[in-house]
Amino acid sequence: MSVTNGEGIIIYRDVHKWYGDFHVLRGITFTLQKGEVVVICGPSGSGKSTCIRTINRLEEHQRGQIIVDGMELTNDLRNIEAIRREVGMVFQQFNLFPHLTAVQNVTLGPIWVLKMKKSKAQQIALELLERVGIPEQADKHPGQLSGGQQQRVAIARALAMSPKIMLFDEPTSALDPEMIKEVLDVMKELARSGMTMIVVTHEMGFAREVADRIIFFDYGQLVEENTPEEFFHNPVHERTKLFLSQILE
Amino acid sequence: MNDNQQKTYMTKEQLPPPSERIPLLRWLRQNLFSSWLNTILTVMATAVIVTVVFGLLKWALGARWEVIPANLKLLLVGTYPLQYVWRVWAAVYLISLLLGLSSGSRGGLMRRISITVGLVSVVFAILPFPWVTRTWIIGIAVSGAVGFGLGYLGKGRRWCRRVEISLWILSFPIILVFLNGVGGFLPVIEGRTTWGFMLNLIGAIVGIGLSFPIGVLLALGRRSKLPAVRIVCTGYIEIIRGVPLISLLFMASIMLQLLLPASVRPDLVIRAMITITAFSAAYMAENVRGGLQAIPRGQYEAAYAIGLNGTLTTTLIILPQALRLVIPAIVGQFISLFMDTTLFGFIAILELLNITRSIMGNLEWRGTIFELYVFIGVVFWIVCYSMSFISRRIEKTVGVGER
């Protein structure tokens, strides 16, 4: 179960994935250190979302090796569940549970997966909602909240499991412009607190400010990997230059 | 000046919209007599309505309604022996007590239901029934009130809620055993096939209570990743849905008679109940599957992402949402199941419809077909309407529109 430790909290080695005939991931290799914040960007359809969804097995990879916190992802269900407990995820469409209130959304995981006492879970949930800035919305249903508020509840829900790694799959893409900032602020605070994060996003301002590294994807391949400084000022590949010229306009 | 304008503007804004009321005469002219053709249609329609209403009234006033009170016991509980009818009352009291208990500890919808039950029983007690019957009826209101008191005292306590729920779940088997009798303890009552309307009710409640969970399991099974489970569930659903209920009932009554020796063959009534449960479960499964289909993939992904396993995801996230979506369809299914219990009549079970036929065959009550059928219609309508009323209230309280 335990594979090499100490060389990275997430390790990708030559990971491939196909949807039928379509080769989505074409040999992805990278390593993420504990506490690192990595932004993945690239044109749509380049496989960046698919890539981070393989980390908690929402998508299966067909070749190569993925090691998360010393555990290799295989078809072993217990292994998958163990990894999911350590990896929190925030989705583009929030995916809150509409039949539960905000605080119930947050306590669900701790109560049922971590077997935490209800009162304890409640207390943690309220603290987390406070941390993401919406303690007053605790008893509302998702349908009564704005997009930005929903996404912050979703972040709190993921944090409630005390994950070691947080994945963000285009967390601001479905938001109205005036709500993007409130979500990004929460994410920045989280990054500064030392959380290991992988963020798929088009928010280049966020990438520049927070990321330790930026990874650029195209056609299912990892084209370029660099510090924000280098990435924005001295992109190596033609494809990266083109992408940056389009997105920074 | 500017300020002033602003003010008038504001007040105008605050005025309610102009009333849409039209004087009666103008309404008549606009809607009923706007042209020659319309006028003719109005006159003709009025004539038809008046004739029908008068005909009905004339019949209703001259009808022999006494057939109903005279046979009321037969219609409602069939040939259940008179000296044991107290058991039926006791069953009713238990339900009334539980309703009262729930209404005392919860309020809301439960309170409204139990208040309605109490009021209706008071009204019935005023009607000119024999004194014994009146006393029995008043007992419903009394037991409801006792339950309410108990529920009110235990309100908000966790054990109270647990007791309440387990009592509800246990109440039905208790009632069934109680009505039927247990050897050595309560005399067993023979002739279960002739219990009148009570059979319709029991059949419907057993059918609903069992076909719902079975239907949910079948629906989940049909979407299972395991091919064996999926094939068995799909096959079951498609086979049952392809056969009319009446032929299934005939199979249960006649074929089993031929195939199984009497010693291992369950009683006819039980066979009928198993059949209607099995039948209804297939339809229930498809209703539930419709709800499951409507839940977006993101809900599964979010549940998996916080570490829930498949079972927990289904029970905590998917089913609660899916079932909410299909409440109207499920209640429709319950209502039609209840009405389908009249088909028991075709396999020689004397439920309400069939027992009515035997009353019609009685010389004394010759020609009372309409009176009896009107009675059946009213009884069924009351039960079905109550179900759909409750379902609408449940839809509201669980907030279907809250998405």
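In what follows, the structure referred to is the one given above.
Each chain has its residues counted from 1, following the order in which its sequence is written. Chains and ligands are labelled sequentially in the order written, the chains with letters from A and the ligands with numbers from 1. Totals for whole chains, interfaces and linings use every residue, but because this is a predicted model, local features are given only for residues with pLDDT of at least 70 and side-chain atom pairs only at 80 or more, for both listing and counting. The side-chain quantities take in all heavy atoms of the structure and omit both hydrogens and water.

Visitor: Help me out: how do you make sense of the nonpolar core in this one?
Guide: When a protein is soluble and globular, its nonpolar side chains tend to lie buried together. What we call a nonpolar core is a set of buried Ala, Val, Leu, Ile, Met, Phe, Trp, Tyr and Cys residues that are connected through their side-chain atoms within 4.5 Å. Burial classes: relative accessible area under 20% of the type maximum marks a residue as buried, over 50% as exposed, and values in between as partly exposed (1.4 Å probe, protein chains only). Counting residues in each nonpolar core, the largest one holds 119 residues, and the members touching the most others are A:Tyr12, A:Ile55, B:Tyr80, B:Leu179 and B:Leu308. Counting residues per element, this core draws most heavily on helix α12 (residues 268-293) of chain B, at twelve residues. Discounting chain neighbours no more than four positions away, the residues touching B:Leu179 are B:Tyr80, B:Arg87, B:Val88, B:Ala91, B:Ile189, B:Trp195, B:Met198 and B:Ile202. Runs of E in the DSSP output that reach at least two residues are strands. Runs of H or I that reach at least four are helices, and both are numbered from the N terminus. What makes two residues a contact is simply this: any of their non-hydrogen atoms within 4.5 Å.

Visitor: Where do I start with helix α3 (residues 102-112) of chain A in this structure?
Guide: Three- or four-residue spacings in an α-helix give side chains the same orientation, since the helix completes a turn every 3.6 residues. The buried count for α3(A) comes to eight of eleven residues, which makes it a mostly enclosed element. When we look at burial in α3(A), the residues that qualify are A:Ala102, A:Val103, A:Asn105, A:Val106, A:Thr107, A:Leu108, A:Gly109 and A:Pro110. In this fold, the buried residues of α3(A) make contact with α4 (118-131) and α5 (147-159) of chain A together with α14 (310-325) of chain B.

Visitor: Help me understand the pattern of salt bridges, please; the structure alone is not making it clear to me.
Guide: Once the charged atoms of two side chains with opposite charge are near each other, the side chains can pair. When a carboxyl oxygen of Asp or Glu lies within 4 Å of a side-chain nitrogen of Lys or Arg, that pair is called a salt bridge. As enumerated under the stated definition, the model contains 26 salt bridges over all chains in all. The partner of A:Arg213 in a salt bridge is A:Glu225, and the shortest N-O contact between them spans 2.2 Å. Of the two residues, A:Arg213 is situated in strand β9 (residues 213-218) and A:Glu225 in strand β10 (residues 221-226); the sequence distance between them amounts to twelve residues. By relative accessible area, A:Arg213 is classed as buried at 13%. With a relative accessible area of 33%, A:Glu225 lands in the partly exposed category. Among the charged side chains, a network of salt bridges with common partners joins A:Lys17, A:Arg53, A:Glu59, B:Arg297 and B:Glu301.

Visitor: Help me understand the interface of chain B and chain A, please; the structure alone is not making it clear to me.
Guide: Where interface size is given, it is often the accessible area lost as the parts come together that is meant. Between chain B and chain A, the residue contacts involve 20 residues of the former and 22 residues of the latter. As a working definition, buried area equals the accessible area (1.4 Å probe) given up by two parts on being put together, with both sides summed. Counting each side, the surface lost to burial between chain B and chain A is near 1,900 Å², with a carbon and sulfur contribution of 65%. The interface formed by chain B and chain A contains two salt bridges. Linking A:Arg53 and B:Glu301 is a salt bridge whose minimum nitrogen-to-oxygen distance equals 2.5 Å. Under this definition, polar contacts are N or O atom pairs within 3.5 Å; protein pairs additionally need one hydrogen-donor-capable and one acceptor-capable atom, and for neighbouring residues in sequence, both atoms have to be side-chain atoms. The interface formed by chain B and chain A contains five residue pairs in polar contact (both at pLDDT 80 or more).

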